[in-house]
Amino acid sequence: MENLASNTSELLERYRRSRRRALLASVVAIAACFLAIGVILGVMLTRPTKSVSAGDTEVNSELSSAFVEVARQVEPSVVNISTVTMPVKQSAREPEMFSLPRPSFESSLPFGGNEPARRGNGSGVIVDPRGFILTNRHVVEKVDRIKVRLFDGQELPAEVIGSDTEVDLAVLKVVPTVPLVPARIGNSEKMRVGDWVLAIGSPFGLDQTVTAGIISAKERDSSELYKRVGFQYFLQTDAAINRGNSGGPLINLSGELIGINTAIATSTGDYNGICFALPSSEAIAVYKQLVKNGRVVRGFLGAMTDRVTPQIAQVYGLPVARGAIVSNVNETMTVEGKLVESPAAKAGLKLNDIILEFRGERIKDDSDLVRQVASTPVGTSVPIKVIRD
């Protein structure tokens, strides 16, 4: 019995010692965990925090650097355009909601008569080192003298090679003493709403003024701007464009020309945050024709069309109202003094046909069809898709 009691006491003592060791190990482990957490928190709390003040963050710094570099690259390609013309007396009229940021005018010394001359100011962009410059037609329309001031301050006389009323574009030519620095042409079709852009020009005669903004919208219908069917869509931007900016470049952050600043939406005549630029894709296509031919020749269909209404779409079984419905087909047309069969009649288009596709492109409405047809070279055969009742 004594041996049994002794063995039992020994076992109990071993059990107690093992429990104490286990408890001590647990305490040490917990302490180590708390120590590790404390070290981590200490590192996090002592780590220097980044400032979030405007203009101090890394993102803002990179964006600012991009603006600086783009302006540095493009400024040598931007010119100031000054004009002299006899004033035309006009009656006062109410401000228009959409207007062209026309150059400001001021009276000067008499110019060829008793009436004072008027001086205008606009902008332009060099697109060819030989001296070809793009600007707006309304900057140089009906003027008597044009002078271009380059980035280095050199002034050169300029002549109008050609202009196009439909897209408000003109090509000027100067004779430079050395090759000029042309702007790199970008793809306006790749621009996205929200992309940053810079507008460079001479608002109120202040050369090389740079403003920044974003692409606010794409494919703004020119009919909304000019109150008639036009041949192009505009890029909309909130980059500041004022009087004197007309004809200047709209530039992406790659330093490429993606638009020609053309018009603003305003009730005052000055910047109200809504500005429009002719996309470079359209501008360059017109520029090439003006340089080659001095004028722009556009395709024509030989038929009148109207917008497809929801009621018409329902009659034709269309899921949505889109396309252009033929309202009249001209059997013959006069082209360069000759009576010829119209393209629409030759293709077999009939009254009340709905044109859904032209040249493989879906047609949104009748205005879209006009632009598609106008941009097609004369004499080109293209497929069309129609639905006939």
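This one's a predicted model, so the numbers in the text were calculated from it and none came from an experiment.

Undergrad: Now, about the confidence of the model for the chain: what can you tell me, with residues and values included?
TA: Averaged over every residue, the pLDDT of the chain is 82; the share at 70 or more is 75%. Within the chain, no element has a lower average pLDDT than strand 3 (residues 106–110), which sits at 42, and none a higher one than strand 5 (residues 132–135), at 98. Below a pLDDT of 50 lies the segment residues 1–5, which in the model reaches 0 contacts outside its immediate sequence neighbourhood of four places, other chains included. In this model, residues 104–113 is a region of pLDDT below 50 whose contacts with residues beyond four sequence positions or in other chains number 26 contacts.

Undergrad: Give a description of the packing of aromatic side chains that names residues and reports values.
TA: For the structure shown, the criterion picks out 3 aromatic pairs. Summarising the aromatic geometry, the rings of F67 and W196 are spaced 5.4 Å apart at their centres and angled 65° between planes, so their arrangement reads as edge-to-face. Taken together, the residues span a long stretch of sequence, with F67 in helix 2 (residues 58–74) and W196 in strand 11 (residues 196–201) at a distance of 129 residues. Looking at W196, the relative accessible area reads 35%, which means it is partly exposed. Residue placement shows K173 over the ring face of F132; its charged tip is 5.5 Å from the ring centre. Of note, R371 hangs over the ring of Y233, and the distance from its end group to the ring centre comes to 3.9 Å.

Undergrad: Provide a residue-level description of the environment of F276, including the pertinent values.
TA: Its location among the elements puts F276 in strand 16 (residues 275–279). Put simply, F276 and N261 are 15 residues apart on the chain and 6.2 Å apart in space, counted from C-alpha to C-alpha.

Undergrad: Please set out unusual backbone geometry residue by residue, giving values where relevant.
TA: Phi at Q208 takes a positive value of approximately 55°, unusual for a residue other than glycine. The phi torsion at R359 lies on the positive side, around 60°, for a residue other than glycine. With respect to the helices, strands and loops of the structure, R359 is situated in the loop between strand 21 (354–358) and strand 22 (361–362).

About the thresholds
Residues numbered from 1 in each chain as written. Predicted model: local features only at pLDDT ≥ 70, side-chain atom pairs only at ≥ 80, totals over all residues. Heavy atoms only, no water. pLDDT = per-residue confidence, 0-100. Helix = DSSP H or I, 4+ residues; strand = E, 2+ residues; numbered from the N terminus. Contact = heavy atoms within 4.5 Å. Phe/Tyr/Trp six-rings, centres within 6.5 Å; stacked < 30°, edge-to-face > 60°. Buried < 20%, exposed > 50% of the residue type's maximum accessible area, 1.4 Å probe, protein only. Lys NZ or Arg CZ within 6 Å of the ring centre and 35° of its normal.

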